[in-house]
Amino acid sequence: MSRSLLALLAGGLFGAGLFISGMTDTTKVQGWLDVFGNWDPTLAFVMGGAIIPMAIAWLLTNGRKPIVGGEFPKPPEPKLGRNLVLGSVLFGVGWGLAGLCPGPAVASLSYGGWPHWVFFAAMIAGMALAPLARAQLDSAVPAE
Amino acid sequence: MGASGIIGGLVDGSGKSNMAERLAFLAGVFLVPVLLYPLFSDVDTHATTNVAVLIAAGLCVGVGTRLANGCTSGHGVCGISRLSLRGIVATVFYIMAGGLTVVLFRHLLGVI
């Protein structure tokens with residue numbers, strides 16, 4: 001089976017999970033982030049439910065190679081830095097504001113209506129600007 | 001490894017070597033909800049129609065996930081599941097920032 005076909009199937013499974021679990025319902029996502037207000041804990045089960053099979057999958061990759069070639073991604077250097085923290089804070093602000101993160105943003109394009117396309121276009125623009133932002137940051141305050 | 005990395009690699013060209021796989025994955029994420037949608041009733045994403053909020057949020061998510069090298073699926077699911085310190089730290093920060101954002105913009109400012 002080709003890698004692209006497997007990628008299509010994996011993406012489809014991911015999309016189905018995001019659709020069914022409520023991860024594309026922005027009110028639900030904001031309700032989950034609303035720990036200081038009317039907290040809706042249900043999405044913690046989505047994330048927890050995804051982490052458990054993924055942990056098993058990582059264990060199964062030990063000492064094996066992917067059947068379709070290539071390598072499993074190696075663990076990253078355990079380096080914590082400014083970009084990781086600053087980027088995550090920025091991402092969290094955007095996630096809280098709109099209730100959308102990158103996976104659900106793609107999954108909901110077909111049925112979410114025009115606001116989802118506006119968010120998606122801005123997200124792509126942000127991703128295009130990110131290398132510039134990174135360079136600016138590094139030249140202003142060299143770190144990492 | 002996660003959604004932001006798969007999309008971002010297409011946007012900034014860093015994923016040129018496996019572009020077809022990235023596009024195939026995203027096609028799956030986009031298309032399966034198209035097939036599922038008619039089977040479910042009352043699907044509503046409740047997205048805001050405030051264009052300024054949508055653009056600001058999209059820019060933050062786009063720049064932030066690329067700067068941090070990951071999002072909910074990359075750091076949260078793939079990272080935490082292999083006990084990656086970076087994944088755990090990133091997840092703590094984006095959930096905290098998201099929580100504070102909802103407090104500020106929903107409860108104090110009433111914008112969202």
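Residues numbered from 1 in each chain as written. Chains lettered and ligands numbered in written order. Predicted model: local features only at pLDDT ≥ 70, side-chain atom pairs only at ≥ 80, totals over all residues. Heavy atoms only, no water.

Undergrad: So what exactly am I meant to see when it comes to the overall build of chain B here?
TA: Counting its regular elements, chain B contains five helices and zero strands. Listing the helices and strands of chain B from first to last along the sequence gives α-α-α-α-α. For chain B, the spread of C-alpha atoms along the principal axes amounts to about 45 × 40 × 25 Å. Burial status across chain B gives 49% buried among its 112 residues. Looking at chain B as shown, the accessible area adds up to about 5,000 Å², and 69% of this sits on carbon and sulfur atoms. Side chains of chain B give 6 positive and 4 negative charges; the mean places of these two sets differ by 15 Å. (Helix = DSSP H or I, 4+ residues; strand = E, 2+ residues; numbered from the N terminus. Buried < 20%, exposed > 50% of the residue type's maximum accessible area, 1.4 Å probe, protein only. Areas by Shrake-Rupley, 256 points an atom, 1.4 Å probe, with all protein chains shown as cover. Lys, Arg positive; Asp, Glu negative; His and termini not counted. Charge placed at Lys NZ, Arg CZ, Asp CG, Glu CD.)

Undergrad: Even after reading the chapter, I still don't get the confidence of the model for chain A, so can you show me in this structure?
TA: When pLDDT drops low, the exact placement of atoms in the prediction is not to be read closely. Summing up the model confidence of chain A, the mean pLDDT is 93 and the portion of residues at 70 or higher is 98%. Helix α3 (residues 43-61) of chain A is the least confidently modelled element of chain A, averaging 94 in pLDDT, while helix α5 (residues 102-107) of chain A averages 98, the highest of any element. (pLDDT = per-residue confidence, 0-100.)

Undergrad: Which parts of the structure should I look at to understand the side chain of Ser88 of chain A?
TA: When you line up the elements, Ser88 of chain A lands in helix α4 (residues 82-98). With residues up to four places along the chain from it excluded, the contact list for Ser88 of chain A reads Asn83 of chain A together with Gly64, Ala68, Ala90, Phe93 and Tyr94 of chain B. (Contact = heavy atoms within 4.5 Å.)

Undergrad: Looking at this structure, how should I read unusual backbone geometry?
TA: Residue and element names in this part refer to chain B. At Asp42, a position not held by glycine, the phi torsion is positive, near 55°. Take Asp42: it is sitting in the loop between α2 (19-36) and α3 (51-67). Here His46, not a glycine, exhibits a phi torsion of approximately 50°, which is positive. Here His46 is to be found in the loop between α2 and α3. What makes His46 partly exposed here is its relative accessible area of 41%.

Undergrad: Would you take a moment to explain the side chain of Thr101 of chain B for this structure?
TA: Positionally, Thr101 of chain B belongs in helix α5 (residues 85-108). In contact with Thr101 of chain B, other than residues within four places in its own chain, are Gly92, Val93, Gly96 and Leu97 of chain A together with Arg106 of chain B.

Undergrad: Looking at this structure, I do not really get the packing of aromatic side chains. What am I missing?
TA: For any pair of aromatic rings, the description rests on two quantities: the centre-to-centre distance and the angle between the ring planes. Counting across every chain of the model gives nine aromatic pairs over all chains. Taking 5.1 Å as the distance between ring centres and 80° as the angle between the ring planes, the aromatic pair formed by Phe19 of chain A and Phe40 of chain B counts as edge-to-face. On the criterion of chain membership, the pair formed by Phe19 of chain A in helix α1 (residues 3-21) and Phe40 of chain B in the loop between α2 and α3 is interchain, its members lying in two chains. Here Phe40 of chain B falls in the partly exposed class, since its relative accessible area comes to 36%. Look at Trp95 of chain A and Tyr94 of chain B: their rings are 5.7 Å apart centre to centre, the planes differ by 75°, and that puts the pair in the edge-to-face class. Of this pair, Trp95 of chain A sits in helix α4 while Tyr94 of chain B sits in helix α5, placing the two residues on different chains. Trp95 of chain A gets classed as buried once you look at its relative accessible area, which sits at 1%. The rings of Phe19 and Tyr111 of chain A together with Tyr37 and Phe40 of chain B are connected pair by pair, giving a single aromatic cluster. The cationic tip of Arg82 of chain B hangs over the ring face of Trp58 of chain A; the distance from NZ or CZ to the ring centre is 3.5 Å. (Phe/Tyr/Trp six-rings, centres within 6.5 Å; stacked < 30°, edge-to-face > 60°. Lys NZ or Arg CZ within 6 Å of the ring centre and 35° of its normal.)

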